[in-house]
Amino acid sequence: MAVRSRPVLITGCSTGIGRATALRLVRSGLTVVATARREDAIADLREEGCTTLALDVTDEQSMRGAVERIEAEHGAVGALVNNAGYSLSGAIETLPMDELRRQFETNVLGLVRMTQLVLPGMRRAGWGRIINVGSMGGRFTFPGGGAYHATKYAVEALSDALRFEVAGFGVRVVLIEPGFIRTEFAATASAVPPAPAPYTSFNEGVARTTLQTYASGPISLLGGDPDAVARAVERAIRRRSPAARMLVTPSAGLLVGVRRVLPDRLWDAFVGTSFERPGA
């Protein structure tokens with residue numbers, strides 16, 4: 001396929017979904033540029049055949065330098081996989097503002113800036129893919145996850161607008177919406193900082209519920225491994241007309257469906273079976 005000569009740039013490849021995606025794509029014959037904040041964290045991906053670069057999605061010089069290097073060697077980025085991200089958990093009243101800003105810088109603004117940097121080359125080439133790794137959490141919100149969910153709602157809106165704006169240039173935008181994926185993400189999401197009253201018990205409960213949900217609870221059986229997302233990314237790149245949205249894992253389909261049919265009060269009651277209500 002012609003796409004084989006067009007490099008795929010992936011952010012956040014040190015663990016989980018990014019690493020699995022880089023491995024799947026390079027093994028399938030695609031040219032892959034795997035990136036992470038520290039290049040030594042992805043040295044093994046170089047041995048697999050990936051080009052590796054240091055790239056921090058919160059640093060303008062780092063982002064610009066990576067894209068300029070790829071364009072100098074290949075002419076344009078063929079596909080951008082905006083994967084870098086993490087979850088900040090805890091009751092909203094307890095979140096430090098600098099941590100909240102960092103959450104949006106990483107999950108939203110970095111995604112936007114990377115997209116801005118690769119689009120001119122894609123437009124010149126008349127072909128491209130922007131693949132945003134969102135979340136089923138862009139369709140509903142769990143208590144204690146308001147900051148993370150807000151970033152994923154933002155990715156939904158940005159992807160919808162961008163899809164219309166760039167289609168005429170031959171660029172397709174695909175939003176991947178994973179459900180529960182067994183990665184290091186759960187450990188990060190469950191690292192809820194201690195909180196003063198009246199949120200002490202609530203934040204502790206958010207940490208417990210997050211770990212149980214991903215690792216041992218009944219719903220974890222409806223989750224998946226990082227390669228499930230990697231397969232969706234590969235379809236988004238290779239298909240001539242990929243779907244605008246791809247839900248990944250049965251947990252995503254189930255919970256998005258439940259949220260769609262439940263009114264707000266019943267949804268609150270539903271999540272109340274897993275999360276305690278502060279002040280109650």
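Structure: above.
Residue numbers here run from 1 along each chain, matching the order of that chain's written sequence. Only residues with pLDDT of at least 70 get local features here, since the model is predicted, and only at 80 or more are side-chain atom pairs given and counted; chain-wide, interface and lining totals rely on the full set of residues. Computation of side-chain values: all heavy atoms of the structure, hydrogens and water removed.

**Description of empty space enclosed by the protein**
Turning to step 1, where the next piece is worked out: Within this scheme a cavity is a closed region of a 1 Å grid, computed over the protein atoms alone, that accommodates a 1.4 Å probe without allowing it to escape, whereas a pocket is open but has protein on both sides within 12 Å along at least five of seven lines; lining residues each have an atom within 4 Å of a point. Grid points are joined across faces, edges and corners, and a volume is the space filled by probe spheres set on the points. Here the structure, examined in full by the defined rule, presents two cavities of 30 Å³ or more.
Turning to step 2, where the next piece is worked out: Taken as a whole, the largest cavity encloses approximately 40 Å³ of empty space.
Turning to step 3, where the next piece is worked out: Residue lining of the largest cavity: Thr 11, Val 57, Asn 82, Asn 83, Ala 84, Thr 106, Gly 110 and Leu 111, and that is the complete set.
Turning to step 4, where the next piece is worked out: No other element matches the three residues that helix H4 (residues 97-125) contributes to the lining of the largest cavity.
Turning to step 5, where the next piece is worked out: Here the residues of the lining of the largest cavity are counted per class, giving three nonpolar, five polar and no charged.
Turning to step 6, where the next piece is worked out: Here the second largest cavity is characterised by a volume of approximately 30 Å³.
Turning to step 7, where the next piece is worked out: Forming the walls of the second largest cavity are Val 33, Thr 51, Leu 53, Arg 69, Ile 70, Glu 73 and His 74.
Turning to step 8, where the next piece is worked out: Helix numbers and strand numbers start at the N terminus; a helix is a DSSP run of H or I with at least 4 residues, a strand a run of E with at least 2. Broken down by secondary-structure element, the contributors of at least two residues to the lining of the second largest cavity are strand E3 (51-54) and helix H3 (60-74).
Turning to step 9, where the next piece is worked out: Ranked by residues supplied to the lining of the second largest cavity, first place goes to H3 with four residues.
Turning to step 10, where the next piece is worked out: In terms of residue class, the lining of the second largest cavity is made up of three nonpolar, two polar and two charged. Residues are grouped as follows: Ala, Val, Leu, Ile, Met, Phe, Trp, Tyr, Cys and Pro are nonpolar; Asp, Glu, Lys and Arg are charged; all remaining types, including Gly, are polar.

**What to know about the environment of Leu 109**
Turning to step 1, where the next piece is worked out: The residue Leu 109 is located in helix H4 in this model.
Turning to step 2, where the next piece is worked out: Along the chain, Leu 109 and Ser 135 lie 26 residues apart, while their C-alpha atoms are 16 Å from each other.

**A look at the packing of aromatic side chains**
Turning to step 1, where the next piece is worked out: Centre distance within 6.5 Å is the pairing criterion for rings of Phe, Tyr and Trp, where only the six-membered ring of Trp is used; planes under 30 degrees apart are then read as stacked, over 60 as edge-to-face, and the remainder as tilted. For the coordinates displayed, the defined rule picks out five aromatic pairs.
Turning to step 2, where the next piece is worked out: Seen in terms of ring centroids, Phe 140 and Trp 267 are 5.4 Å apart; in terms of plane orientation they differ by 50 degrees. Their pairing is tilted. Placement of Phe 140 in the loop between strand E5 (128-133) and helix H5 (146-166) and of Trp 267 in helix H10 (residues 264-271) is noted, with a sequence separation of 127 residues between them. In this pair, the class of Phe 140 matches that of Trp 267, namely buried.
Turning to step 3, where the next piece is worked out: Within the aromatic cluster, the residues linked to one another by ring pairs are Phe 140, Phe 142, Trp 267, Phe 270 and Phe 275.
Turning to step 4, where the next piece is worked out: Lysine and arginine charges are scored as sitting over a ring when NZ or CZ, respectively, is within 6 Å of the ring centre and within 35 degrees of the ring normal. The ring of Phe 169 is capped by Arg 123, whose NZ or CZ atom sits 5.7 Å from the centre of that ring. Per-residue accessibility, obtained with a 1.4 Å probe over protein chains only, is compared with the maximum for each type, and a residue is labelled buried under 20%, exposed over 50%, and partly exposed between these values.

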